[in-house]
Structure formats: structure tokens, C-alpha cells
Amino acid sequence: MSTSDRSQGRTRGTTPRIADLASTPETPRTPPGRSNSSIYGSPGGFRVEDEYVVLEVGARFVRGGLPGETTPRCTLTFGPDEQRRAADYRQWDPEHHHSRRKRKRDQAWGQDHELYRLDINQVDLGLVEDKFERAMREAFNKYFVLDTKPRRIMLSLPPKLPHALMSTILDVLFGNFQAPSITLLSAPVLATVAAGLRSALVVDIGWAETLITAVCEYREVNEQRTTRATKLLSEHMANILNAALDDEPGAGDPKAEISFEEADEVLTRVGWCKSKPRSNRRTMYFAARTSPILEEFEDAVESPEPTINIPFPKHTPPTELTIPFTSLAKPAESALFAPDMALNEFDDQELPLHHLIYRALLSLPMDVRRLCMSRIIITGGGSQLPGLKTRLLAELEALVSQKGWDPVRNYGSASARHEQLMNQKRENLELRNQEGEDKVSESLDPETPLPPGLQNPEEDFIDAKLSHLALKNVPSASLVGGVIRGVDTLGAWAGASLVAHHRIKGIVEIERERYLQHGLQGATREKEVSVVQQRQSMGPGIGMGRGGGDRASWTLGVWA
Amino acid sequence: MAQPFPYTYYTCDCFDSNNPLASKRGPQPLEEDERDFDPHNPRSNYTLYPLEQLLYCEDCQQIRCPRCVAEETINWYCPSCLFEVPSSVVKSDGNRCTRNCFNCPVCTSPMTTNSLDQHGDGPPYILACPYCKWSTVEIGIEVEKGTGISAQLAKIANGGHPIPSLKERDKERERKKELESRRREKDAMSPTQDSPTTDTERDSTPSHDDLFYNLSSFYKSQIDAQTPSNPFSSAEINFSSPSAYSRIMSMYSSSSRKNKRSKPAPARDAASILEGLSIHDPSNDAQAIERIKREGWSTTLQPSQKLAQPDPTIRFSDELRPLATLLCTKRSKRCRSCRHILSKPENKITSTRYKIKLLALNHIPRISMRALPSQYTQSSSAPSATATPFAYDALKPGIPTHFLLHISNPLFDPIRVTLATPSTTPGKVQSRVTILCPQFEVGANTDVWDDALASSLSPIKHSAQDAGQIEAGKIWDRGRNWTSVVVEVVPGFLDGVPGLASSIGPGAAPPTSTNDGRKRSGTGALRDVGEDDGDLNYDEDVLEIPVFVRLEFEADVNAEERGLGDSRGSKGEREKREEAFWVVVGLGRIVEI
């Protein structure tokens, strides 16, 4: 009996999968009991549960912990201080905090803080392996402090991670940490899980790019990317700070060039984002929906402009910069929204966030859009910026009320006619609304019957009652759709922790032996192995069907 | 680097060669043997170790670095109170001390328990940091007892509000859910007034933990609802087991159950905060912005402070929590390829001794470099040179400087050493290095007394009169188990003098590894941004010389006997052995002229 067989037998009888949760309620379904019996096992044995370690790998951070815990045990970074040689303790030197590290000659902004970058041409995979291995060693030895038993790994990865990077990461986990199996889960799905939802539009404002994924019933159905993300944000912040430092009286002759660490610290500590653009306030679409708090906040023009003092101990000479509070919101403005550029000036990979969210929603089928638009999850490192979530939702709402869900952006010569049509529609709508209030007049006016499209559908009270009863167990709040609504998530790591805690199996599960034999090439081409289990008779031979438990092939799912 | 100059780092390449997965990574650009080691390559930081940190596997006869050993935890203890924590507690209570040990969330130093009582001993108690004076008063936490602080803290949120325990949380959730479902039942009877879900719980934003536990219980109920309680559907139908019999019996006896579900409730989204749904609330954002504006920089947290917190998403200093001290472990280390134990500490927490410890120090010659005392060198024309110690921090570019490379042998067999080094150091600053005597022997490590008893200390005498008599091909000095040779180094120019290559001579073509190393770490299009702007990277002005060391010696076949000091008397078979590795000698920092 192979080890994989045995380990399968050990799992609790019904191991639900994410996909099981995803199965639509209407369809009749086979009970998800995968009958891989441990008939050869010891009778009534006390089962050893498979134990998991939960990891989340991102471009700049690795989070790790154990399932069922609310927060990761460690969040490890990949800064230059983590890449020092053994016995190089200069980072603890008091002097160290006063010297600014220059950017390396051939390095992009913040590159020495990255674990990997998505452009494989620019990645030294060996270095990625070194960094990841060291971080994992620290996680296991310092934070997990587990016993010697090998642990399965629940690994959250961004979707469409290049295979070279994936196999580097898997090599380390299989090779150095002896994981018996690794379950790959995609970060947007986990963010959805951690928000308590089944469908969502996940806006992951990550490091190098913002990834917008539409998730419907735990499946990724659409994906959009833009390079407007934290990296650009911190670069813009650095520019603003440099300019401010140069403007200081007594600024030195060499232009100020603050390091990534400083810019990042300023950004994470006091950076913010205007909850609502000033320019948009004049326009009409905000009229109805503004919340009083924001309005008041925006309107208050303080007479002494509020400022923030930011110490720069690494500057020469060390200085404390006094910067207007509003200018700390500029980077978010310029990096993520770029309001002063027309939409046609952007390249495909650098669309502003709100336009991209709109585009993602637009490309969804209508019923999925209905679900997704009221389940917008904004997550990722960039989403920590206060005000950003509110702003994104407000911008999106403005876009929707301006454009509707019309994929045509410009009707050209036909625009007049389109306008007319729209006006007519609107009038009709108003008409209907008015008439809805006094139905009597409508029915009493037989000469001018309304076109059926404008008539109110007849309400059948029994139907209404029946549908209400059918959904008795479903609270109405979980059926919300059609309005823009943001939902907070606990993050992908927490989602993975939940999934592992409830012993839900992922679709992409890689066994160690198989991986060591073939690497990623061993995966089947099909994107999904059948997640609905085969019907199995409940005869006495139930334990013999060993093929049921032993997964003959494995897939890479969305990573394939 | 951090160690004072000059220092020596040893490479460990066993990982790459032993890892079966590494070979899949695609062909190496060059054969391992043909490639020069580049200490400025960012990858080198992961392969270089001081000799003291390396272990040696006697079976594989190879150096083992922390990266290529497998570690096994022997026991857990709190480094602050030295209390040994049993593994079951580690499993249930996590990786932190569950007693009274806490670290300051601001400066990480250990905190002390102080009493706020006038007499100094009585409740209430607080935790205070003796270094930065932060205390739990700032987050509004006082505890009643001076011991068992961890348990008390777990029940107090910042500001003094009680945190419900897990059980209380469940109970509370059940109670609220009951209320809610009752309300919904009412709605179902009268569908016309579709009241929105109650927002009464929204007054206080739930914490991360609350949401997580709510979500967790929500998913649990969802999964339970999805999995019918049909005993046959579960995997184990194990007729030999008594528990299965009882299950089947109970199935038959309870077949008359009334409340059998006909259809599982459809899976659905979480609908309320009780189920973990948290709708984005713009007022939170506005509050945070307002607060930053009002209180400024000092109220926010440093990135490192945030990351150390249990909940790294916090932003303000009043959200800090004292950090329970992380547990430490005693670990034994095994060689990853042959699984032999390389190091095993004693079980007792307070003991620092080891049962097994196979150090590379005992098997690998120690190599060090230092400046040749100036009275021996030609350039000692400076009169006061004897008084000033050699300035390793200020190597002068372009001026030939002599160094002594010293090899001492820990083995009980004489070794033949072959040294090799690229003629110019890799990297941007190219220094010229010549080892004047690359091949020599080092005597065996005998009893220390032999040294004292031997009449002549050193066969070679050097005196001040010998100045300038550094001969190529001859060793400089020799002792019982050590030998030193002279290395001539011409530190390179920092600003890359254009005529440098020609001044070094035609034979000094830059070694292949420089180009190669850069190409591999290459950054494509970005590379030409600052390729030649003359600015040096961090630490590129450090003169580090890669030296390839090859040892040959004859040793007893029986590996276990080595190191016991009796190898001279044994008449067992001898076998020829060989060791080869790169070392990197950091000589000093080159200054600009």
C-alpha cells in the first residue's frame, strides 16, 4: 500500500473540498463520501489527523502559521537585512540606522525587498530559492517550532504565478522541508473565503501589480491586471518626499534621494488617500449617495493647513520634514487613479484601478456581475492605505452611474440617437415610477395601453410567498446583488487557515513522490480534475475500490 | 563585513550538489569547477559562513552548513524564564511563553512586572519596559495578579475591556443567532415587510479574532449542513470495528427520527457579522485619516513593530499588545544526505553542553590572512610604521601590499595544500592578487607539548634585515601544524581607472565569472540604467579575495578513530583523501585616493 493511499485513508470520512462548497444548491448531488476505506487499517483505530502548515507567498512577504489560528505566526520580509551573510551583525550597529543605503546600480525601485518578480527574465531563480529557503528555515525553526513530524502544506499563491517560480518554491518545500504534500490555493479564492463569501470581485493591490479577479462560486472567472500598485505608489511617495526635502531651507547640494525603506515607512505610517476626489464633487452622480461623514470631512477647509512632521534620521544632515498633510495623499492619487489623464492615454497594463474594476465587472456575465458588484473585496498590501477602499468604491459607483453597464464607450456618429434612446428609456422609467404610485389610473385608462415592456409585471402573491419560503433558510442579506458594496476580508492567509482548519481539500494537491519524479510536468493538462465524485454503490466491495482514493493524476488548476 | 577585518568565510556547496531538485533547474551556465566564486554575487550571502558555524559530516566527509542539515526539535523552553515547555503545551498554546514573560512591543526588550500599589507589592500590576519606559498603562491594561500574566492578558483587550474566551464567544454567538433566526421566522410568515437584517451589532466593529471565529463557525455549520449524516457516506465502513457496529445499531434504532432533513440547505454566503461578514465601512477610513492628521507621525507604528505584533494590520500605537516571549528550542542536527547526527545538545535546558558536536573546526584547516608586519616589507620606508597597526579599513588602491596567509591544520595527518585564486578579484573593483607560494605542506596536529619541547621553533628565521627578501615559490614561515605564505595584493581603484586593465598587464583578463555572475543575476533592460555610472554598491569597496583551497592527505580508513588523537599509533589502512572548497578572505576596505 503506497503511502499516499494510507494517508488518504487517514483523513476523516468526508473530506469536503472547496469545490463541494461550490456546487450549486439546486442540483441533486451525490453525497461527497469518497469511499476510500481503510479496510486494512487497524480496527477502530484512533486516527492521526493530517497536520498542516499554512503559508502565503507574495512578492514581498511570506506569511506562515498553523491552521485554525486567527493570524499568521510570522510575516517575513525580504529586505537587505534579511539577506546578510551569517555572522554579519551590522544591522544591529547603532550607526546603521543613520546611514542610508543607496540603491544598487542595476536595480529597480525596491527590488532588493522582493522575493521574486514576475518577469522571469529578470529573476535569478537561484537567489529566489536562497531567499525563500532562508525565510522558511526561520519560519519553521523560530516561529512554528514543530515536532519532527512532516507537515502537509497549504500554500496560497497568486494565480498565474510563472511555473519557474512555482517549481522553485515547491522544490524548497518538498526538498528542504520534507512536506508530504502541498495543496495550492489561489489567493483571490482564499480572500473570498476569508470574507465569508462564495462569489466576489477581489481587488488585490499587491506589490508589482494590482490583480482583479472575479470569483464566482469559488472559481476564478475573470482576471484583470494593472501595474498601478504599491510599488508605483511608494515610488511616487519617494518623489514627493525628495521634492519636499529639496525645498527645505538649508537642503544640501546633492539632490535628496531617500531610500526605499524610508519611502515605504512614510507610506505605511502616514500615507492616506482622499476618500473622494474633489473634482468629482461638482458632477451630478454623487448627489444622492454621499455619506455625511465624508462630505463634512472634505468640506472642512482648515485655516492653518494641517501638517505632519516626519523625521528623517538617515538624511544628511538628519532632519525633520514638515510636510502638508494633503500632499501625503498625492501619491495615491497619481499612482492609482491618475485623474489628470484621459482614459485613451493609458496602456493596457496601466489602467487606473477604478477603470479596471469597472472593466472587470463589465466583462462578466450579467448574473455574475450582479453578485460580484455587491461583493467587492479590496485586499493586498496597498489596501491598508486609509481611505483607499472608500475612494475606490466611490469612484466605481460614479463610473457606473455615469456609464451604466454599456460596453460601448463611444457611439460616434450614432451618439445622438443613443442619447435619445437613453432619454426615452429614462422617461419611461420615470413614467413607470409615477404610475406605479397610482395604479388605478393606469387600469382605468383603456385607450392608451402601455407597451408591455413598461407595464409592471403582475405580482403573484403566492409565488412571492413560495419563493420566500424556499429561501427561508437563506437570510436576505446573503442574496444582496446589484448594488456596489465593499466587503472586508481577513486576508488570504486567514482564508487558508480556515480552509485547512476545516479540512477542506483543494483541487491542486501535489504529492511529494509524484513531484519529485516529474516536477510540475507531471500534472495533467486538464485544468480541473473532476471534483464531483463518481457515484459509488454501497455494496460490500466498497472498500476494494482503491482507485477511488488514490488520485491517479493531479492538476495545476489555474496555474496550469 | 560585520566581523573585523581581516576575516575568512567558508563556502558550503554541498547543498547544490546533493540536492536532486537543483539539477532540474536547467543547465548551469558553467561547470561548477570552472566557475570562480564571486563574493559580490548576492547569492554568495547564502553560501558563506564563518568556520565556527559550520559542521562536518564525517560519513559524507563534507562541510555541512545550516542550510544542508535537517533539524529536529528536542525540547522547547522560554529563553526568558528558562521554563521547559512540554510539547503538548506547545501544540495547544502556541509558540510563546504562557507564563509571565513578555517583550516590549516598542523596543523588544524584556518587560518587568511592576506594581502600581503605593507599597510596591499589591494589585494592580502592570508590565513595564525598563528600557524605553513603555508600559501597559498606555494601552489601558492593568492586571490583578502578579503571576500568570499571560492568562490574564488574554482576557483583557486594550482599554481594559474583557475579551470573551472561545467558549463564551460561541455561547454569545449562539444566543444572538437564535434571536436573529427567530426574527427571520417572523419575517417568513409575513413576507411583505422584508426587514433588513438587524444592524444592532454594528455599533462596535468586531475584531479580527471575532470575525475569524465567526467565519469559522459559519463554515463549520455550512459543511455540516452539506454533509448528510448518513453513516454509509463516511469512508470507514469497517465491519471489524466495534465502533462501526454501534454506529449501525444506532442507525437502525434511530430510524424513526422525525427531523430527518429532506434536503440540505443550500450553501450560501455569510449574511451577518455573526457569520463573519463585515461590510466595508467608510467611517473607519475617515476616522483613521482624521487621527493621522491630528496626532501625526508618532502615534503610528514602525513597520518592524507592526510585523512583530500578533495582528500585523494594526496602525496606531494604542493598539499595541505586549509580546509574549517566543519559545526557543534545542535542536539536534542531522546530515541531510546520510541522516547521521551532526550535533545534539544535552537535554537539560540550562546545560550548554553537547552530546554530539562535529565541528568543521576540527576537520577543516583554519585559514586566515593578516598584513605582513611592515618591517619585513620593502615599502616600510615610513619611519613610524612599526608603531601604527595596519589600517585594514583603508587599503590604498594601486599600491602593492603584502599579506600573510596562514593555514593551521586541525587534523592529525599532514596535509598538502594547493591554493588558487583568480588573478583579479571579481566585481567592479578589480584588485590583483598573487599567491607567492600556492603549493605547500602543513604539518600534522600533534600534541601541543611537542611544540614546546621542540628545540627550534621555526625553521625559517626572519629578521628586519631580511627586508625585501620575499621569494616567490617559498613559504614564509612554518610551525608544528601551521604554515604561512605571502600573498601580494594590489587593491583596485574604486572609480575604475580606465587604464587599470592595461596597468595590470595583458594576462589579467577579468575572470569569466564577473560577466557570468552578472548575467545570471541580470536585470535585463534595467541593467543599463546604471551600469557605468561609477557609483559603488553597498560593500563593493570591500576587498574580498576568493581562494580555492584543495587539501590532500592520507588518513585512516576508519573514520571513527579520527579526532581521538591516537592516529599516530594506529597501523590501519591509510587512504588518500581530498577536500576542496572556496574560502573568501575579507582583507579590508579600499579607500579612494
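Residues numbered from 1 in each chain as written. Chains lettered and ligands numbered in written order. Predicted model: local features only at pLDDT ≥ 70, side-chain atom pairs only at ≥ 80, totals over all residues. Heavy atoms only, no water.

An unreviewed UniProt entry lists chain B under the name Dynactin subunit 4, with Periconia digitata as the source organism. Quoted verbatim from the Sequence similarities (unreviewed entry) field of UniProt, the annotation for chain B is "Belongs to the dynactin subunit 4 family." (UniProt positions renumbered as here; feature names shortened; annotations may be inferred.)

Looking up chain A in an unreviewed UniProt entry gives the name Actin-like ATPase domain-containing protein, with the organism given as Periconia digitata. What the UniProt record of chain A gives under Sequence similarities (unreviewed entry) is the line "Belongs to the actin family."

Trainee: I'd like a description of the overall build of chain B, backed by residues and values.
Mentor: If you tally the helices and strands in chain B, you get 11 helices and 23 strands. Per-residue burial for chain B yields a buried fraction of 44% across its 593 residues. At a minimum sequence separation of 6, the contacts of chain B that also span at least 24 residues come to 69%. In the structure as shown, chain B presents an accessible area of about 30,500 Å², 52% of it carried by carbon and sulfur atoms. (Helix = DSSP H or I, 4+ residues; strand = E, 2+ residues; numbered from the N terminus. Buried < 20%, exposed > 50% of the residue type's maximum accessible area, 1.4 Å probe, protein only. Contact = heavy atoms within 4.5 Å. Areas by Shrake-Rupley, 256 points an atom, 1.4 Å probe, with all protein chains shown as cover.)

Trainee: Lay out the nonpolar core in plain terms, naming residues and giving numbers.
Mentor: Counting 110 residues, the largest nonpolar core has L155, L173, L184, I310, L328 and L556 of chain A as the members making the most contacts within it. Inspection of this core shows a minimum of three residues originating in each of domain 1 (48-78 + 114-194 + 493-559) and domain 2 (196-228 + 342-407 + 476-488) of chain A. Ignoring anything within four residues of it in the chain, the contact list for L556 of chain A reads H163, M166, L184, V508, I510, L520 and A523 of chain A. Counting 56 residues, the second-largest nonpolar core is a separate cluster that includes F403, V417, V547 and L587 of chain B. (Core = buried A, V, L, I, M, F, W, Y, C linked by side-chain atoms within 4.5 Å. Domains from an automatic or database assignment.)

Trainee: Lay out the sheet that holds strand 13 (residues 508-511) of chain A in plain terms, naming residues and giving numbers.
Mentor: All names here are of chain A. Read from one edge to the other, the open sheet built from six strands follows the order 3-2-1-4-5-13, with strand pairing classed as mixed. Of all strands in the sheet, those bounded by a partner on one side alone are strand 3 (74-77) and strand 13. Each adjacent strand pair in this sheet contributes to an overall mean axis angle of 20°, direction not counted. Judged from the four bridges that link them, strand 1 (residues 52-57) and strand 2 (residues 61-65) form a sheet pairing that is antiparallel. Residue pairing across strands places L55 opposite G64, the latter belonging to strand 2. (Pairing = 2+ DSSP bridges. Axes fitted to C-alpha atoms, helices over the stretch in contact; angles between N-to-C directions.)

Trainee: Which residues make up the packing of aromatic side chains, and what values go with them?
Mentor: Under the criterion given, the structure shown has 14 aromatic pairs over all chains. Consider the rings of Y358 of chain A and W405 of chain A, whose centres lie 5.5 Å apart with planes at 15°: the pair is stacked. Of this pair, Y358 of chain A sits in helix 11 (residues 353-362) while W405 of chain A sits in the loop between helix 13 (388-403) and helix 14 (415-437), placing them 47 residues apart in sequence. We classify W405 of chain A as partly exposed; its relative accessible area is 26%. Measuring from ring centre to ring centre gives 5.7 Å for Y10 of chain B and F581 of chain B, while their planes differ by 35°; the resulting arrangement is tilted. Of the two residues, Y10 of chain B is situated in strand 1 (residues 7-11) and F581 of chain B in strand 23 (residues 574-589); the sequence distance between them amounts to 571 residues. Like Y10 of chain B, the residue F581 of chain B is buried in the burial classification. Site record: aromatic cluster; members linked through ring pairs are W109, W207 and F260 of chain A. R391 of chain A extends its terminal NZ or CZ atom over the ring of F337 of chain A, reaching a point 4.1 Å from the ring centre. Stacked on the ring of F83 of chain B, the Lys or Arg R99 of chain B has its end atom at 4.1 Å from the ring centre. (Phe/Tyr/Trp six-rings, centres within 6.5 Å; stacked < 30°, edge-to-face > 60°. Lys NZ or Arg CZ within 6 Å of the ring centre and 35° of its normal.)

Trainee: Outline the pairing of strand 13 of chain A, supporting the account with residue identities and numerical values.
Mentor: Residue and element names in this part refer to chain A. Residue alternation in strand 13 divides its side chains into two sets, V508 and I510 and E509 and E511, and both sets are buried. By the bridge criterion, four bridges tie strand 5 (residues 181-186) to strand 13 in an arrangement that is antiparallel. Within the sheet, the bridge partner assigned to I182 lies in strand 13 and is I510.

Trainee: Provide a residue-level description of the side chain of E58 of chain B, including the pertinent values.
Mentor: With respect to the helices and strands, E58 of chain B occurs in the loop between strand 3 (55-57) and strand 4 (62-64). Side-chain polar atoms of E58 of chain B contact the side chain of H363 of chain B, separated by 3.2 Å. (Polar contact = N/O pair within 3.5 Å; in protein donor to acceptor, adjacent residues only side chain to side chain.)

Trainee: Just give me the short version of the confidence of the model for chain A, but keep the residues and values in it.
Mentor: Residue-level pLDDT values for chain A average 76, and 75% of them are 70 or greater. In the model, residues 19-47 of chain A has pLDDT below 50 throughout and makes 63 contacts with residues more than four positions away in sequence or in other chains. (pLDDT = per-residue confidence, 0-100.)

Trainee: Please give an account of the domain arrangement of chain A that cites residues and values.
Mentor: Residue and element names in this part refer to chain A. Domain annotation for chain A reports domain 1 (48-78 + 114-194 + 493-559) and domain 2 (196-228 + 342-407 + 476-488). Every contact between the two is made by 16 residues of domain 1 and, on the other side, 18 residues of domain 2. Across the interface of domain 1 and domain 2, roughly 1,400 Å² is buried in total on both sides, 60% from carbon and sulfur atoms. Its largest share of buried area at the contact with domain 2, domain 1 owes to P188, V189 and T192, together 34% of the area lost on that side. At the surface where domain 1 touches domain 2, the tally comes to one salt bridge. (Buried area = accessible area lost by both parts, 1.4 Å probe. Salt bridge = Lys/Arg side-chain N within 4 Å of Asp/Glu carboxyl O.)

Trainee: Pulling in residues and values, what's your account of the sheet that holds strand 19 (residues 439-442) of chain B?
Mentor: If you walk across this open sheet you meet the six strands as 2-1-23-22-17-19 (chain B), and the pairing is antiparallel. The outermost strands of the open sheet, each flanked by one partner alone, are strand 2 (48-49) and strand 19 of chain B.

Trainee: Could you give an account of the pattern of salt bridges, naming the residues involved and the relevant values?
Mentor: According to the stated counting rule, one finds 43 salt bridges over all chains in the structure shown. Two residues, R225 of chain A and E223 of chain A, come together in a salt bridge whose shortest N-O distance is 3.4 Å. Residue class for E223 of chain A comes out partly exposed when judged on its relative accessible area of 24%. The salt bridge involving E552 of chain B is made with R416 of chain B; its shortest N-O contact spans 3.5 Å. With E552 of chain B in strand 22 (residues 542-556) and R416 of chain B in strand 17 (residues 415-420), the pair connects residues that are 136 residues apart, well separated along the chain. Of the residues examined, E552 of chain B reaches a relative accessible area of 18% and is grouped as buried. Salt bridges sharing partners connect three or more residues here, namely E129, D130, E133 and R137 of chain A together with R43 and R67 of chain B.

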